[in-house]
Amino acid sequence: MDALTRLSGDAPTFVETVGARAVSVHRGGADAFGDLLDVEDVDTLLTTHALRTPAVRLARDGAVLASSGYTRDARIGGVSVGGLVDAGKVLDLFSAGATVIFQALHRYWHPLAALVGELEQQLGHPCQANAYLTPGGAQGFARHRDTHDVFVLQTHGDKLWEVVEESRSREVLMQPGMAMYLPTGIPHSARAQSGASLHVTVGINPVTWRSVLQRAVADLLTAGADEPLPAGYHREPAEFGRAVDRRLADLCERLAGLEPETIVTSEVARFQTSREPLLRGGLRDRVDLPALEDATLLRRRPGAVIELVPAADRLRVLLGDREMRVPARLHSALAYVAEHDELRPSDLAAVLDQQSRLVLVRRLVREGLLEVAR
């Protein structure tokens, strides 16, 4: 099951249309999302991972608590480090009604990193994952609106959500295995019921036409655009107007000559070189790299992508979080790698000799695109 299908389900329990937007709720099995994050996982993160703010925040009754109330300083390797989360203080505040928020979990919790990585490749929009652990009967945040679309995944306990638009209101009791889709800007609030509640939110941060066109226009502006306006321009509006007209004419000429393919190539490269790599197991791969041979089974890393962009006699290879450049003669071999989730170096025998294909796949392992199958 792909990431988007997993989040949105096959058929919603209900769909509430608010204007042109639809809030939908989907019900899966009770453990549908338990593998992503459960209470045991939160316990491990909180008590054994030495997290620092702002990776963890606390909120209670609509107010964010000051981090000084649950952090401490320490010395690591002789260096003073601040903002370390004090697990004991967090547990005490949780018992007193505070919601514990884990921010940007996709950066350090592998199950959510893998889900977010796959979702990003499906949508083409950056995504993020947070988690909220709320004690029974408590509410972390007051009613608010998010600036991006959100999938809410309930993994433990019950939480009653109120979804509002003007005078219309709908209550949704989220239970383990349920997912809710909230479009941008829908006011909502949530309160845990009789016991502790844990849910994950997956947010979609949209790439907008405004941002794409702004980048395209910014790239067309010459160095002269940074020159200051002439002294006294405000006293010579006619001359100032002629200067503006010349600049606009120059910009229009440049815009007329801009090829759509240039924008497309730039935006694809921007997206495909700014994703978070998933390097779990990478140390083992580096240790075992000298023993990699023609028959070694290799797999594409979760979330890893490969985009090939011709560039004169070189080939730009977009690897998700960066790019590398290789000789254009490797196009056929890399195209084969891009089309297969699993392969052995020997599969490239038709296009590369043994030494060349081993050099290539070892580099792709080092770059984090491939991993040794174990």
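See the structure printed just above.
This is a predicted model, so every value here is computed, not measured.

About the criteria used
- Residues numbered from 1 in each chain as written.
- Predicted model: local features only at pLDDT ≥ 70, side-chain atom pairs only at ≥ 80, totals over all residues.
- Heavy atoms only, no water.
- Core = buried A, V, L, I, M, F, W, Y, C linked by side-chain atoms within 4.5 Å.
- Buried < 20%, exposed > 50% of the residue type's maximum accessible area, 1.4 Å probe, protein only.
- Contact = heavy atoms within 4.5 Å.
- Pairing = 2+ DSSP bridges.
- Helix = DSSP H or I, 4+ residues; strand = E, 2+ residues; numbered from the N terminus.
- Axes fitted to C-alpha atoms, helices over the stretch in contact; angles between N-to-C directions.
- Salt bridge = Lys/Arg side-chain N within 4 Å of Asp/Glu carboxyl O.

Novice: Report on the nonpolar core, specifying residues and quantitative values.
Specialist: In this structure, L37, L58, F102 and L153 are the most contacted members of the largest nonpolar core, which totals 39 residues. When near neighbours in sequence (up to four residues on either side) are disregarded, L153 contacts L7, F33, L36, M178, A179, L198, H199, V200 and V202. L289, A304, L334 and L352 belong to the second largest nonpolar core, which has 25 residues in total.

Novice: Tell me about the sheet that holds strand 11 (residues 168-174), and name the residues and values.
Specialist: The strands making up a sheet are joined through hydrogen bonds of the backbone, oriented either antiparallel or parallel. Ordered in space as 11-10-13, the 3 strands form an open sheet in which the pairing is antiparallel. Of all the strands in the sheet, just strand 11 and strand 13 (188-192) have a single pairing partner and so form its edges. On average, each strand axis in the sheet is tilted by 20 degrees relative to the strand beside it, whichever way the strands run. In terms of strand pairing, strand 10 (residues 159-165) meets strand 13 through 5 bridges, oriented antiparallel.

Novice: Got a sec to walk through the pattern of salt bridges? Specific residues and values, please.
Specialist: For the structure on display, the rule yields 21 salt bridges. Linking R299 and E342 is a salt bridge whose minimum nitrogen-to-oxygen distance equals 2.8 Å. Taken together, the positions of R299 in strand 15 (residues 298-300) and E342 in strand 19 (residues 342-343) put the pair 43 residues apart, joining distant regions of the chain. You can call E342 partly exposed: its relative accessible area is 40%. Its salt-bridge partner being R316, residue E323 comes within 2.9 Å of it at the nearest N-O pair. On the accessibility criterion, E323 (31% relative accessible area) is partly exposed.

Such coordinate-based values are descriptive only and should not be taken to indicate function.
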